[in-house]
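Architecture at a glance
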Amino acid sequence: MKDDNTVDMIKLMRQLFPICRSITGNGVRETFKILREVVPLQVIEVPTGTQAFDWTVPKEWNIKDAYIKNSKGEKIVDFKKSNLHVVSYSTPVNEKISLSELKQKLCTYPELPDAIPYMTSYYKENWGFCISHRQYEQLKEDTYEVFIDSSLEDGHLTYGEYIIPGKTKDEVLVTCYICHPSMCNDSLSGVVVVAKLAHTLMKKFSDKPRYTYRFLFVPETIGAITWLSKNKENVQHISHGIVVTCIGDKQQLTYKRSRRGNAAIDKIMEKVLKDENVPHAVVDFFPNGSDERQFCSPGFNLPVGSLMRTAYGKYLEYHSSADDFSIISEKSLEGAVDVLLKTVEAIEINRIYVNCNPYCEPNLGKRNLYPTMGAGKKKSTQLEAIKWTLNFSDGQHDVVDIAIRSGLSIFDIAAVIPLLVDAGLLRVA
Ligand code: ZN
């Protein structure tokens, strides 16, 4: 592992981008080899055929090459130029076919005529190619040679996990998915943001944090389902969770609430976004999307929300070769990491305290907690925070509740807590 203090997310994305990933296979392993330079991930291999709730770990898919040649022997579609050209999980093929037969095996996006679509056929054995609609329209009557050198065999589903042990077993779960091939915003933006967050926290927590932090890098859907089925007995330790997806584009952040809608992570994320003056939207849970679909399935109903910018399916370039470096920005990625770091800070300090002197206001002056005449704005914010904290530390409201109620920031409230604890006016509930 490298010892650099910072992770260059764009550089990391450039390393990961060319790899042909899918929900299983060597592309995922190669991805972990690169990610392990940044985060000391444990790589877990789950055999084909393993039962995971209503699902079964599929056969492992690998691909070496693929192309379409015309009758002159010219490669008109080449997997080596873009791995999106082959429908993910395509079975091997080596045939000569007519134009009309070929057309049945081609996918295009007419609404994005220059882009190569991203298509998959994980659970139905099939093969196909994806090309730009522009190219599709120019195809002539001919005999075409279609060739896919792939394998679909018993093997493994591979996922990565990194844990920062805390003082308690209560967990903060941060997840992303590593199953998409060459696209930037969908999948890879989440991967590099979570990798940088994990790397930064690993360096930052010289002492054990209060919570245990678990970072998951899984193939979307089947990976989250497999992880949940292997960890069913331990999920009650998950106190807060965030699925990070589509977070590199140039639009504002969107926080999608957990299915509960009122979980601590929901109020913490919303308050952090507000406190940090980050342009953002908040939306309620809905049952499509990314892996929150599994974490928030009714049997689990875990306190897991999702942070993104423009949601999957809501941007034109989604699931195509146009989801490339031109639509993402380093500033967007860095901004997301900053918000997540603040969220972690807020999670760590959020507790319920109790006012030890609840009958009338305590005399702040005799404890040197009352600002003297002519005190500046900072002091008046401090006094506000003291008053709100003392009044609402009744064993019911935590730090974030008091911040929301007062309109002060979480960190304004947090700043007065040690003063009040030292003065004997406050204790942990
Ligand atoms: Zn996707």
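Let me sum up the structure you'll find in this document. (Residues numbered from 1 in each chain as written. Predicted model: local features only at pLDDT ≥ 70, side-chain atom pairs only at ≥ 80, totals over all residues. Heavy atoms only, no water.)

1. Describing the pairing of strand β11 (residues 171-177)
Taking burial as the measure, the seven residues of β11 include seven buried ones, the bulk of the element. Going residue by residue along β11, you find E171, L173, T175 and Y177 tucked away on one face and V172, V174 and C176 tucked away on the opposite face as well. The sheet contact formed by β11 and strand β12 (residues 212-218) spans seven bridges and is parallel. Residue pairing for β12: E171 is matched across the bridge by T212. For the crossover that starts at β11, traverses helix α5 (residues 184-204) and ends in the parallel β12, the hand is right-handed. Of the pairings in the sheet, the one linking β11 to strand β13 (residues 238-244) comprises five bridges and is parallel in character. Within the sheet, the bridge partner assigned to E171 lies in β13 and is I238. (Buried < 20%, exposed > 50% of the residue type's maximum accessible area, 1.4 Å probe, protein only. Helix = DSSP H or I, 4+ residues; strand = E, 2+ residues; numbered from the N terminus. Pairing = 2+ DSSP bridges. Right-handed = clockwise from strand over helix to strand, strands pointing away.)

2. Notes on the pairing of β12
Consecutive residues of a regular strand have side chains that alternate between opposite faces of the sheet. A large share of β12 lies buried, amounting to seven of its seven residues. Residues of β12 alternate between two faces, with T212, R214, L216 and V218 on one and Y213, F215 and F217 on the opposite face, all of them buried. As defined by bridge partners, strand β10 (residues 156-164) adjoins β12 across five bridges and the pair is classed as antiparallel. Within β12, the position partnered with Y162 by the bridge is F215.

3. Points about the coordination of the zinc ion
The protein atoms that coordinate the zinc ion are H180 (NE2), D186 (OD) and H319 (NE2), at distances of 2.0 to 2.1 Å. Between consecutive donors of the zinc ion, the numbers of intervening residues give the motif H-x5-D-x132-H. Here the residue H180 occupies a position in the loop between β11 and α5, and H319 occupies one in the loop between β16 (304-308) and α9 (330-349), the gap between them amounting to 139 residues. Take H180 and H319: they sit in the same class, and that class is buried. (Donors = N, O, S within 2.8 Å, 3.2 Å for Na, K, Ca; no water.)

4. Quick look at unusual backbone geometry
Residue C246 is not a glycine yet carries a positive backbone phi of 35 degrees. Backbone geometry places N368, a non-glycine residue, at a positive phi of 60 degrees. Turning to its location among the elements, N368 is positioned in the loop between β17 (352-355) and α10 (377-392). Overall, the relative accessible area of 71% leaves N368 in the exposed class.

5. Digging into the pattern of salt bridges
Applying the stated criterion across every chain yields a total of 15 salt bridges. R214 is paired through a salt bridge with E171; the nearest N and O atoms lie 2.7 Å apart. In this pair, R214 sits in strand β12 while E171 sits in strand β11, placing the two residues 43 residues apart along the sequence. Like E171, R214 is buried. K256 is the salt-bridge partner of E292, the closest N and O atoms lying 2.7 Å from each other. Of this pair, E292 sits in helix α8 (residues 292-295) while K256 sits in strand β14 (residues 253-256), and the two are 36 residues apart along the sequence. Exposure remark for K256: the relative accessible area of 0% places this residue in the buried category. (Salt bridge = Lys/Arg side-chain N within 4 Å of Asp/Glu carboxyl O.)

Function cannot be read off these values alone, since they describe shape.
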